[in-house]
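Listed here are the chains, written in short residue letters.
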Amino acid sequence: MPVTDVSHDLDTRTLTITAEFAAPRARIWQIYADPRQLEKIWGPPTYPATVVEHSLAPGGRVTYYMTSPEGEKFAGYWEIVAVEEPTGFSFKDGFADESFNPVTTMPVSTNTYTFTEDGGRTTAIYVSVYDTAEGLQQVLDMGVVEGATGAINQIDDLVAN
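Residues numbered from 1 in each chain as written. Predicted model: local features only at pLDDT ≥ 70, side-chain atom pairs only at ≥ 80, totals over all residues. Heavy atoms only, no water.

Peer 1: Go over the overall build of the chain, please, and point to the residues and values.
Peer 2: Of the regular secondary structure elements, the chain holds 5 helices and 8 strands. The helix and strand sequence of the chain, counted from the amino end, reads β-β-α-α-β-β-β-β-β-β-α-α-α. For the C-alpha atoms alone, the extent of the chain along its principal axes is close to 45 × 35 × 30 Å. Counting the 161 residues in the chain, one finds 43% classified as buried. Put simply, the chain shows about 8,100 Å² of open surface, and 52% of that area lies on carbon and sulfur atoms. (Helix = DSSP H or I, 4+ residues; strand = E, 2+ residues; numbered from the N terminus. Buried < 20%, exposed > 50% of the residue type's maximum accessible area, 1.4 Å probe, protein only. Areas by Shrake-Rupley, 256 points an atom, 1.4 Å probe, with all protein chains shown as cover.)

So this is what it looks like as structure tokens:
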């Protein structure tokens with residue numbers, strides 16, 4: 001399993017996930033840069049993602065929805081802040097309505113994804129900072145750790161094929 005560590009800190013409003021992949025950094029970068037590959041790993045296995053809009057550039061936007069086993073759709077968006085190919089990127093991630101407008105009553109996180117390579121293996125550090133401790137607690141209660149871990153753990157199969 002790629003995920004090697006998960007921690008959260010309500011005082012700093014931070015969730016950090018560390019994962020290691022048996023693939024070079026450029027290959028891991030490619031997953032996030034290609035919307036069809038991103039779809040294969042963004043949602044947990046039982047909530048696959050569909051990427052609708054994908055502009056991985058500063059000022060760009062990514063919109064997506066995840067589909068539950070019952071067919072319910074849950075939309076979200078990224079607002080891209082910075083991109084440093086292939087070492088990482090940062091973005092705001094939020095919940096959206098069916099038209100991909102931000103749902104202002106739900107938490108927003110500022111995320112920094114960093115990829116480092118050593119000997120053909122990549123370590124990814126995913127850091128999410130929430131505006132409030134309550135926002136972080138809300139997504140923890142919603143199962144963000146289990147969902148994100150399940151999603152990230154799909155990367156191994158994708159890079160093996």
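Picking up after the structure, the text goes on.
Peer 1: Outline the sheet that holds strand S6 (residues 88-96), listing residues and values.
Peer 2: Judged by pairing direction, the sheet is antiparallel, and its 8 strands sit side by side in the order S1-S2-S8-S7-S6-S5-S4-S3 without closing on themselves. Sheet topology places strand S1 (3-9) and strand S3 (49-54) at the edges, where each strand pairs with a single neighbour. Between one strand and the next, the sheet's axes are offset by a mean angle of 20°, whatever the strand orientation. Here strand S2 (residues 14-21) pairs with strand S8 (residues 121-130) via 8 bridges, running antiparallel. Looking at S8, one finds that threonine 18 is bridged to isoleucine 125. Where helix H1 (residues 25-33) meets the sheet, it contacts S2, S3, strand S5 (73-84), S6, strand S7 (108-118) and S8, and its direction lies at approximately 150° from that of S7. (Pairing = 2+ DSSP bridges. Axes fitted to C-alpha atoms, helices over the stretch in contact; angles between N-to-C directions. Contact = heavy atoms within 4.5 Å.)

Peer 1: Residues and numbers for the nonpolar core, please.
Peer 2: Among the nonpolar cores identified, the biggest contains 30 residues, and Tyr32, Trp78, Tyr126 and Ile155 are the most heavily contacted of them. When residues of this core are assigned to their parent elements, the largest contribution, 4 residues, is made by H1. Each residue touching isoleucine 155, except ones within four places of it in the same chain, is listed here: Phe21, Ile28, Ile31, Tyr32, Ile41 and Tyr126. (Core = buried A, V, L, I, M, F, W, Y, C linked by side-chain atoms within 4.5 Å.)

Peer 1: Report on H1, specifying residues and quantitative values.
Peer 2: Restricting attention to buried positions, one finds in H1 the residues Ile28, Trp29, Ile31 and Tyr32. Buried residues of H1 fall within an arc of 150° about the axis and therefore sit on the same side. (Arc of directions from axis to C-beta.)

Peer 1: Just give me the short version of the packing of aromatic side chains, but keep the residues and values in it.
Peer 2: Note on aromatic pairs: each is described by the distance of the centres and the angle between the planes. According to the stated counting rule, one finds 14 aromatic pairs in the structure shown. On the numbers, 6.5 Å between centres and 50° between planes, the contact of tyrosine 32 with tyrosine 126 is tilted. Of this pair, tyrosine 32 sits in helix H1 while tyrosine 126 sits in strand S8, and the two are 94 residues apart along the sequence. Comparing tyrosine 32 with tyrosine 126, the two get one shared label, buried. Arranged with centres 4.5 Å apart and planes meeting at 90°, the rings of tyrosine 113 and tyrosine 126 form a pair that is edge-to-face. In this pair, tyrosine 113 is assigned in strand S7 and tyrosine 126 in strand S8, connecting sequence segments 13 residues apart. Each member of the pair tyrosine 113 and tyrosine 126 is classed as buried. Members of the aromatic cluster, connected to one another through ring pairs, are Trp29, Tyr32, Trp42, Tyr64, Trp78, Phe89, Phe91, Tyr113, Phe115 and Tyr126. (Phe/Tyr/Trp six-rings, centres within 6.5 Å; stacked < 30°, edge-to-face > 60°.)

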